[in-house]
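Residue-level structure breakdown
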Amino acid sequence: MTCVQEKRIIGCMAEKIVRQEERARSPQWLLVETFGELDGNYSIVDWGGQPKEFLPLDKAVKGAAARIRQAVTTVAHSHEPLSAKDDGGHRVEAYPHFVGERLHAVQVWSGTEDQQPPPRLRAASWDIDLTTLTALGSTEWAELADIPLDERGQERSLANMFAQVQTDERELQAMKRIIAAVPGTTHQGVWTVYRRDGASFRAHFSCRIYAQPGADGTEHRVARGVSLEITSSTTDTKPQPLVLLEHRLLEADVPPGEYRALINLRNLRLIRWVHGSPIPDQIAWRRVENEPEPGVHPDDRRTMIDMAKGLARSSTTGHLRVRGVHGGWIPITARVSLVAIDQETTAGLVKFTIDH
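Just so it is clear, the structure is predicted and the values come from calculations on it, not from any experiment.

What counts and how
Residues numbered from 1 in each chain as written. Predicted model: local features only at pLDDT ≥ 70, side-chain atom pairs only at ≥ 80, totals over all residues. Heavy atoms only, no water. Phe/Tyr/Trp six-rings, centres within 6.5 Å; stacked < 30°, edge-to-face > 60°. Helix = DSSP H or I, 4+ residues; strand = E, 2+ residues; numbered from the N terminus. Buried < 20%, exposed > 50% of the residue type's maximum accessible area, 1.4 Å probe, protein only. Lys NZ or Arg CZ within 6 Å of the ring centre and 35° of its normal. Salt bridge = Lys/Arg side-chain N within 4 Å of Asp/Glu carboxyl O. Core = buried A, V, L, I, M, F, W, Y, C linked by side-chain atoms within 4.5 Å. Contact = heavy atoms within 4.5 Å. Patch = residues over 30% accessible without salt bridge, like charges linked within 9 Å, V, L, I, M, F, W, Y side chains within 5 Å. Areas by Shrake-Rupley, 256 points an atom, 1.4 Å probe, with all protein chains shown as cover. Lys, Arg positive; Asp, Glu negative; His and termini not counted. Charge placed at Lys NZ, Arg CZ, Asp CG, Glu CD. pLDDT = per-residue confidence, 0-100. Pairing = 2+ DSSP bridges. Axes fitted to C-alpha atoms, helices over the stretch in contact; angles between N-to-C directions. Polar contact = N/O pair within 3.5 Å; in protein donor to acceptor, adjacent residues only side chain to side chain.

**Observations concerning the packing of aromatic side chains**
For any pair of aromatic rings, the description consists of the separation of the ring centres together with the inter-plane angle of the planes. Under the criterion given, the structure shown has 6 aromatic pairs. Residues Trp 273 and Phe 352 carry aromatic rings whose centres are separated by 6.3 Å and whose planes lie at 50° to one another, so their mutual orientation is tilted. Separated by 79 residues along the polypeptide, Trp 273 in strand β16 (residues 269-273) and Phe 352 in strand β19 (residues 346-354) bring together distant segments of the chain. The residues Trp 273 and Phe 352 share a single accessibility class, namely buried. Positioned above the aromatic ring of Tyr 95 is the side chain of Arg 120, whose terminal nitrogen or guanidinium carbon lies 3.8 Å from the ring centre. The aromatic ring of Tyr 210 is capped on one face by Arg 224, whose charged end is 3.9 Å from the ring centroid.

**Digging into the pattern of salt bridges**
Following the criterion strictly, the structure yields 19 salt bridges and no others. Close ionic contact of Glu 229 with Arg 122 constitutes a salt bridge, the shortest N to O distance being 2.7 Å. One end of the pair, Glu 229, is in strand β13 (residues 219-229); the other, Arg 122, is in the loop between β6 (102-112) and β7 (123-129), and 107 residues separate them in sequence. Under the relative-accessibility criterion, Arg 122 is labelled partly exposed at 43%. Salt bridges linked by common partners bring Lys 176, Asp 342 and Glu 344 together as one network.

**A look at the nonpolar core**
Ranked by size, the top nonpolar core spans 37 residues in total, and within it Ile 128, Trp 141, Leu 158 and Phe 162 carry the most contacts. Those elements that place two or more of their residues in this core are β7, α4 (139-145), α5 (158-162), α6 (171-180), β11 (186-194), β12 (200-213) and β19. The contacts of Trp 141, once residues within four sequence positions are left out, are Ala 124, Ser 125, Asp 146, Ile 147, Val 193, Phe 201 and Ser 227. By size, the runner-up hydrophobic cluster in this structure holds 22 residues, among which are Tyr 259, Trp 285, Val 322 and Leu 338.

**Some points on a negative patch on the surface**
On the surface, Asp 86, Asp 87, Glu 113 and Asp 114 cluster together to form a negatively charged patch. As for its placement among the helices and strands, Asp 86 is situated in the loop between β4 (82-85) and β5 (90-99).

**Points about the confidence of the model for the chain**
The share of residues in the chain with pLDDT of 70 or more is 89%, and the mean pLDDT across the chain is 89. Within the model, pLDDT remains below 50 along residues 17-24, and this stretch shows 2 contacts once partners closer than five positions in the same chain are excluded.

**Some thoughts on the environment of Ser 157**
Among the secondary structure elements, Ser 157 is positioned in strand β9 (residues 156-157). Excluding residues that lie within four positions of it along the chain, Ser 157 makes contacts with Leu 133, Thr 134, Leu 270, Trp 285, Arg 286 and Arg 287.

**Observations concerning the sheet that holds β11**
Pairing in this open sheet of 7 strands is antiparallel, and the strands run β9-β8-β7-β13-β12-β11-β10 from one edge to the other. Every interior strand has two partners, whereas the edge strands, β9 and β10 (165-166), have only one. As paired strands, strand β8 (residues 134-137) and β9 are joined by 2 bridges and run antiparallel to one another. Note on β9: the bridge partner recorded for Ala 135 is Arg 156. The strands that α6 touches are β11 and β12; relative to β11, the one it contacts most, it runs at about 115°.

**Digging into the side chain of His 297**
Structurally, the position occupied by His 297 is in the loop between β16 and α7 (301-309). Within the structure, the side chain of His 297 is placed 3.0 Å from the backbone nitrogen of Asp 299, a separation counted as a polar contact. Residue contacts for His 297: discarding those within four places in its chain leaves Arg 321 and Trp 329.

Right, dumping it as structure tokens:
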């Protein structure tokens, strides 16, 4: 290697270090979660595209905490983005993310008048009703995830969400949060989202579980969340395999004609289709307006409940009729087994075939 080449390499490395230092010194966009609780106790869940684990606002950005709180209060009432300057030469940019009337998070940039904020990463908010196992996303989430136009603005089956994502190694923890639904519990992860147009992106999400009144007048458990598209070079990680209580791993290969679903045994609702399983196109499960409400034939409810109760002893088998996408009833033969989420939490694995 010649002296000229060495100098070029050293020069490039020095420029890279300078750019990194400048980036570290310059203000970055913060994603501040509120999840509808406008009490000032906010935390940062992303800093310049780098996921953070619920950093308390006061500890992370002491000097700018007051300005950020004021920006959150302003956009919470206006429902509009904010661009403001004060007499001290400070500048604040804020972009709110709502689900309905509830402010879930705010992207905030705080700097001086002579500084320019970097490009803002795409973010979106959502709710998951853990009582009904349905999900509702904001307009931004519908755009980001490329949800069909006729399904936007309405609750959909949680399984719809799982059908378009690749989860990470913390999936079993997410399953426990969904099943246990303990208010105050938080969860974060980085999942890959696949769009209908063939594109995909990595999204870091953060959520917290709350108890709140449902539309039916009863108390529901709801996960309020926010997702941010990230450009981190972190490699994809595979979810942990599901394990049957008979200590056998759930096989990835599914026999032709068989479908596999994970259900919440507390309410016998579908959580998601198992990795590697096909999704039946003749059975109603999406819970969208252009499909009938999913369900089991009233005369077969007793059979379904007995199958669930029998899991305390062993796997159970039964014949059921489930609602089809055209409104009729489709006969299936199902076998249900217990799945270990962790030492305290179980779910039901349903393997079924359609009777012809």
